[in-house]
Amino acid sequence: MKMSNMLVSTLREVPAEAEIDSHKLMLRAGMIRKMAAGVYNYMPIGLKVLKNVEDIVREEMNAAGAQEFLASALLPAELWQESGRWDVYGAELFRLKDRGSREFCLGPTHEEVFTDIARNEIKSYKQLPVNLYQIQTKYRDERRPRFGVMRSREFIMKDAYSFDKDQAGLDLSYDKMHDAYVKIFNRCGIDAKCVAADSGAIGGSNSAEFMVKSEVGEDDVVFCTCCDYAANIEKAPSTPDVAETEELKDMVKTETPNARTIEDLVKFFNTTEKKFAKTLIFNADGKIVAVMVRGDREVNEVKVSNALGGVVDLNMATAEEVFAATNAKVGFAGPVGIKVDALLVDEEVSKMFNFIVGANETGYHLENVNYGRDFEGTVGDFRNITIGEKCPECGGEVTIARGTEVGHIFKLGTKYSEAMNATFIDENGKNVPFVMGCYGIGVTRTMASIIEQHHDENGIVWPLSVAPYHVSVIPVNIKDEAQMEIANKLYNELRAMGVDAILDDRNERPGVKFKDSELIGIPMRVTVGKKITDGEVEFKLRDGEMEVIKIDSVLDTVKAQFEKQGVRL
Ligand code: ATP
Ligand code: MG
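Residues numbered from 1 in each chain as written. Chains lettered and ligands numbered in written order. Predicted model: local features only at pLDDT ≥ 70, side-chain atom pairs only at ≥ 80, totals over all residues. Heavy atoms only, no water.

Engineer: Describe the site of ligand 1, listing the residues and the values that go with them.
Structural biologist: Inspection of the region around ligand 1 gives 14 residues, with Arg 140, Glu 142, Arg 151, Ser 152 and Glu 405 positioned closest. Within the contact set of ligand 1, an oxygen atom lies 2.9 Å away from a side-chain nitrogen or oxygen of Arg 140. Out of a free accessible area of 580 Å², ligand 1 has 82% covered by protein chains. When residues of the shell around ligand 1 are traced back to their parent elements, those giving at least two are strand 8 (154–164) and strand 21 (398–413). Ranked by the residues each element gives to the shell around ligand 1, the list is headed by strand 21, at four residues. Looking at the shell around ligand 1 residue by residue, the class counts come to five nonpolar, four polar and five charged. (Near = heavy atom within 4 Å. Polar contact = N/O pair within 3.5 Å; in protein donor to acceptor, adjacent residues only side chain to side chain. Areas by Shrake-Rupley, 256 points an atom, 1.4 Å probe, with all protein chains shown as cover. Helix = DSSP H or I, 4+ residues; strand = E, 2+ residues; numbered from the N terminus. Nonpolar A, V, L, I, M, F, W, Y, C, P; charged D, E, K, R; others polar.)

Engineer: Please set out the pattern of salt bridges residue by residue, giving values where relevant.
Structural biologist: Per the stated rule, a full pass over the model turns up 42 salt bridges. Ionic pairing is found between Arg 119 and Asp 116, a salt bridge with its closest N-O pair at 2.8 Å. Of this pair, Arg 119 and Asp 116 both sit in helix 5 (residues 111–121), three residues apart, roughly one helical turn. One exposure class covers both Arg 119 and Asp 116, and it is buried. The partner of Lys 303 in a salt bridge is Asp 381, with the nearest N and O atoms 3.0 Å apart. Taken as a pair, Lys 303 in helix 8 (residues 301–307) and Asp 381 in the loop between strand 20 (378–380) and strand 21 lie far apart in primary sequence, 78 residues in all. Judged by relative accessible area, Lys 303 falls into the buried class, the value being 10%. Within the structure, one salt-bridge network assembled from shared partners comprises Asp 241, Arg 294, Asp 296, Arg 297, Asp 346, Glu 348, Arg 383 and Glu 389. (Salt bridge = Lys/Arg side-chain N within 4 Å of Asp/Glu carboxyl O. Buried < 20%, exposed > 50% of the residue type's maximum accessible area, 1.4 Å probe, protein only.)

Engineer: Kindly report on the sheet that holds strand 18 (residues 355–358), identifying the contributing residues and their values.
Structural biologist: Taken together, three strands build an open sheet; the order of strands is 13-19-18 and the sheet is antiparallel. Unpaired on one side and paired on the other, strand 13 (252–255) and strand 18 mark the two borders of the sheet. Within this sheet the neighbouring strands show an average axis-to-axis angle of 30°, counted without direction. (Pairing = 2+ DSSP bridges. Axes fitted to C-alpha atoms, helices over the stretch in contact; angles between N-to-C directions.)

Engineer: Describe the domain arrangement of the protein, with residues and values.
Structural biologist: For the protein, the domain assignment lists domain 1 (3–236 + 400–452), domain 2 (252–380) and domain 3 (469–564). Placing a centre on the C-alpha atoms of domain 1 and another on those of domain 3 gives a separation of 38 Å. Between domain 1 and domain 3, the contact holds 12 residues from the first and 12 residues from the second. Taken together, the two surfaces of domain 1 and domain 3 that pack against each other cover about 1100 Å², and 65% of this comes from carbon and sulfur. (Domains from an automatic or database assignment. Contact = heavy atoms within 4.5 Å. Buried area = accessible area lost by both parts, 1.4 Å probe.)

Quick look at the structure:
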């Protein structure tokens, strides 16, 4: 394409609305424009990258034996009522009514739709396995849309759903998707690690996320420093730090007038956080639940929710709810005599001696409290693992880093097929439910993640595999006929070779053209200037040094880059 015919929307200034590099650069390079919170338009350059990422996803999904499909984004409520999710999906679901007051939603994910297709179209085990995927727009009314297309309310997802006759089949389908994902992220030039993830109330080690390490990531990922273990913090089991044995002392009630926080209390009692057990109160789908962890620990809400059989809406209790449970103001809750629907006690707390808790009386705490003697509850793992704790696989030390989830693979089993009565006839002539898996990739989030991992102070540095254009041919002076002739010739020859080249024939200073080409992140630049009299042009990789090369070696130099980066021409 000739740039004089293109809509180039680069910005020199950093837009105030953007917090993270990829968002800033997508706006500055003219890839996206915002319409509303979490709603974006893709400008021509942004769309080109998006299509390149989609093509990689499509090629690898097809190679893994999946078949492309396209579902509607507008979904009737009945399907969601059948699976039971209409009532539990909550505020993230965009719901709407048609002119006849029939209820619909805009699909945030498509398990129901694909399960419906399978039950209508697949009759016999002979037709299995089947893996259907789509690359399609999803809608989620996120609580906090942010970071541009990283967390938006309309985004593009590749979602795939596998249907097998049994668990062994599902295991195979799942492994195929895992391998396809590794290839996809490699080809996109991003370093994404597969980590164990929480699979909700379904349980088991049935789910894994592909995480990109990133300081701006919204997930905490636990890594072992010795082995390959990696898991989302939601999932990583903690190991209780067992306190030294002490003789049990008599429980005492102590007045602690202005001390509410652990910090205040540590000062007041002149001890350490480890001597306290804090009691946090939650509203879990309307039930009041207290969770106890050691003073220096954090409650893991996913573990809590799973222990309660899969909670949809888990929120800190209000001051009124706390008062109803403890008969005290916030800050004085404790396990002794508390009135709650469930009391969950982190295993570590059950192994502590003579610890301090709230007294369920405003202004008081209890000292020398002991589990088993003074209170009882459901003991389990309810806290986040911390840096330096034991790896659950090898016992080595773990560390924690921030990450962004770009993909998710999940063994669903028969959760949806049973709920929606999606069955096939097996070898014995019996009707049995499909064994399902689902597999998502955030295509637009992947695009932003590539930028997070590939940029510098001048702009984006696209891997060749997804770059909006491969080569930018820049004549220094468009009024110089000889320069224009060579620039045009190179541009045409590159295109004839299958290289996506642009010719920057705009009437702009070379500095402006260089800046745009760097900001947009075009991997190769060929500058056609005065040196053509010696038969030479300048060649520069986006992240390399400038070289002077012969005009007739340009095509080979470009071709060599494709080979080097393993990208087909
Ligand atoms: P998150 O924890 O980030 O909200 P999720 O668990 O809700 O993600 P899934 O339901 O597994 O995500 O969706 C599959 C993929 O879709 C995710 O791996 C992610 O890449 C992408 N995705 C999810 N929500 C968004 C969003 N709001 N904007 C852009 N991409 C998203
Ligand atoms: Mg989400």
